[in-house]
Amino acid sequence: MRVYWPTTLSALAAAAPSGVLRGAPVTVHAVTPALREFYADADPRELEDELEYVAMGDAAEESLRLLATEPAGSPVRRVVLALDVPGTALPRPDASWSAPERSRVVLGHDLLLQHLVSVHVDDAEAEQDVRAALGALAAADAGDDDARFTVESVQGHELLWYDATELPLLLAAGT
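About the criteria used
Residues numbered from 1 in each chain as written. Predicted model: local features only at pLDDT ≥ 70, side-chain atom pairs only at ≥ 80, totals over all residues. Heavy atoms only, no water. Helix = DSSP H or I, 4+ residues; strand = E, 2+ residues; numbered from the N terminus. Rg over C-alpha atoms; globule rule 2.2 N^0.38 Å. Buried < 20%, exposed > 50% of the residue type's maximum accessible area, 1.4 Å probe, protein only. Contact = heavy atoms within 4.5 Å. Areas by Shrake-Rupley, 256 points an atom, 1.4 Å probe, with all protein chains shown as cover. Lys, Arg positive; Asp, Glu negative; His and termini not counted. Charge placed at Lys NZ, Arg CZ, Asp CG, Glu CD. Expected span 1.5 Å × (residues − 1). Salt bridge = Lys/Arg side-chain N within 4 Å of Asp/Glu carboxyl O. Axes fitted to C-alpha atoms, helices over the stretch in contact; angles between N-to-C directions. Parallel < 35°, antiparallel > 145°, perpendicular 65-115°, else oblique. Nonpolar A, V, L, I, M, F, W, Y, C, P; charged D, E, K, R; others polar. Core = buried A, V, L, I, M, F, W, Y, C linked by side-chain atoms within 4.5 Å.

**Student:** Please clarify how the overall build of the chain should be interpreted in this entry.
**Tutor:** Tallying secondary structure elements over the chain gives six helices and nine strands in all. Scaling as 2.2 N^0.38, a compact globule of 175 residues should have a C-alpha radius of gyration of about 16 Å, and the chain matches this with 16 Å. Based on the C-alpha atoms only, the size of the chain along its principal axes is roughly 40 × 40 × 30 Å. Out of the 175 residues belonging to the chain, those deemed buried represent 41%. In the chain, the proportion of contacts linking residues at least 24 apart, taken out of those at least 6 apart, comes to 79%. Only carbon and sulfur atoms are counted for the fraction: they give 54% of the accessible area of the chain, which is about 9000 Å². For the chain, the distance from the average site of its 12 positive side-chain charges to the average site of its 29 negative ones is 4 Å.

Next up, the structure:
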């Protein structure tokens with residue numbers, strides 16, 4: 001099963017050496033029944049790719065929120081790991097059609113580095129918008145439409161794709 005785990009560069013650098021990215025239970029994003037139902041009218045020839053793209057986008061939204069808890073001076077880039085994990089995941093009870101709840105699932109086992117397929121990271125051009133979004137999160141959550149627009153504008157930045165074998169280089173560079 002393909003899952004998308006939201007993280008940060010500093011959290012990834014801390015977890016990677018052990019091989020255990022996160023202990024069980026771990027919340028990740030995946031193609032869920034709620035997500036499938038939301039996209040029921042999509043073109044079936046492109047549906048799987050579209051659903052995985054949406055799940056990864058939901059994980060990127062959560063990565064932004066994780067960045068808000070990072071210490072000052074930490075890299076300000078959203079990070080999502082794509083992993084192929086064995087078994088199944090249980091949809092969270094709060095599943096809904098809204099992002100990011102629609103794709104949230106819980107794995108009952110550790111999330112291991114050996115299951116890594118790819119790493120997705122913001123490029124340097126996104127940093128200014130990510131910083132602005134971080135500054136607007138509280139107001140957006142309180143219902144401010146302008147702040148919500150600022151937060152949502154980060155979605156306009158596509159995450160860069162790195163193969164799993166490039167993780168050590170990515171961490172060494174500190175992107």
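That was the structure; now back to the text.
**Student:** How should the environment of Pro-6 be read in this particular structure?
**Tutor:** You can see Pro-6 is positioned in strand β1 (residues 2-7). For Pro-6, a relative accessible area of 8% corresponds to the buried category. Residues Pro-6 and Leu-66, 60 residues apart in the sequence, show an inter-C-alpha distance of 8.0 Å. Residues contacting Pro-6, with those up to four places away along its chain left out, are His-29, Ala-59, Glu-62, Ser-63, Leu-66 and Val-79.

**Student:** Sorry if this is basic, but what is going on with helix α3 (residues 47-67) here?
**Tutor:** Residues that lie three or four places apart on an α-helix share one face, since the helix turns once every 3.6 residues. Taking 1.5 Å per residue as the helical rise, α3 with its 21 residues ought to reach 30 Å, and the 30 Å between its terminal C-alpha atoms agrees with that figure. Turning to α3, its buried residues are Leu-47, Leu-51, Val-54, Ala-55, Met-56, Asp-58, Ala-59, Ala-60, Glu-62, Ser-63, Leu-64 and Leu-67.

**Student:** Help me out: how do you make sense of the pattern of salt bridges in this one?
**Tutor:** The final tally for this structure, using the stated rule, is nine salt bridges. Residue Asp-58 pairs with Arg-102 through a salt bridge whose shortest N-O separation is 2.9 Å. Taken together, the positions of Asp-58 in helix α3 and Arg-102 in the loop between β5 (90-91) and β6 (104-107) put the pair 44 residues apart, joining distant regions of the chain. We classify Asp-58 as buried; its relative accessible area is 2%. What makes Arg-102 buried here is its relative accessible area of 12%. Arg-104 is the salt-bridge partner of Glu-62, the closest N and O atoms lying 2.5 Å from each other.

**Student:** Would you take a moment to explain the packing of α3 against helix α4 (residues 127-141) for this structure?
**Tutor:** To characterise two packed helices, one gives the angle between the axes of the helices and the distance between these axes. With their axes 10 Å apart at the nearest point, α3 and α4 run at an angle of 90° to one another. The pairing of α3 with α4 is recorded here as roughly perpendicular in orientation. For the pair formed by α3 and α4, the contact residues are Leu-64, Arg-65 and Leu-67 on the first element and Val-130, Ala-133, Leu-134, Leu-137 and Asp-141 on the second. Residue composition of the contact of α3 with α4, grouped by class: six nonpolar, no polar and two charged.

**Student:** Help me understand the environment of Leu-66, please; the structure alone is not making it clear to me.
**Tutor:** Considering the arrangement of structural elements, one finds Leu-66 in helix α3. The exposure class of Leu-66 is partly exposed, given its relative accessible area of 35%. When the C-alpha positions of Leu-66 and Arg-104 are compared, they lie 15 Å apart, and in sequence the two are 38 residues distant.

**Student:** Can you walk me through the nonpolar core in this structure?
**Tutor:** Nonpolar side chains in soluble globular proteins tend to end up buried together. Counting residues in hydrophobic clusters, the biggest one holds 21 residues, and the most contacted among them are Leu-81, Leu-83 and Leu-111. Counting residues per element, the ones that place at least two in this core are β1, α1 (9-15), β3 (26-29), β4 (79-84), β6, β8 (116-121) and α6 (167-173). Aside from chain neighbours lying at most four places away, what touches Leu-83 is Met-1, Arg-2, Val-3, Trp-5, Leu-21, Leu-111, Leu-112, His-115, Leu-116 and Val-117. Listed in part, the 14 residues of the second largest apolar core include Val-54, Ala-59, Ala-82 and Leu-159.

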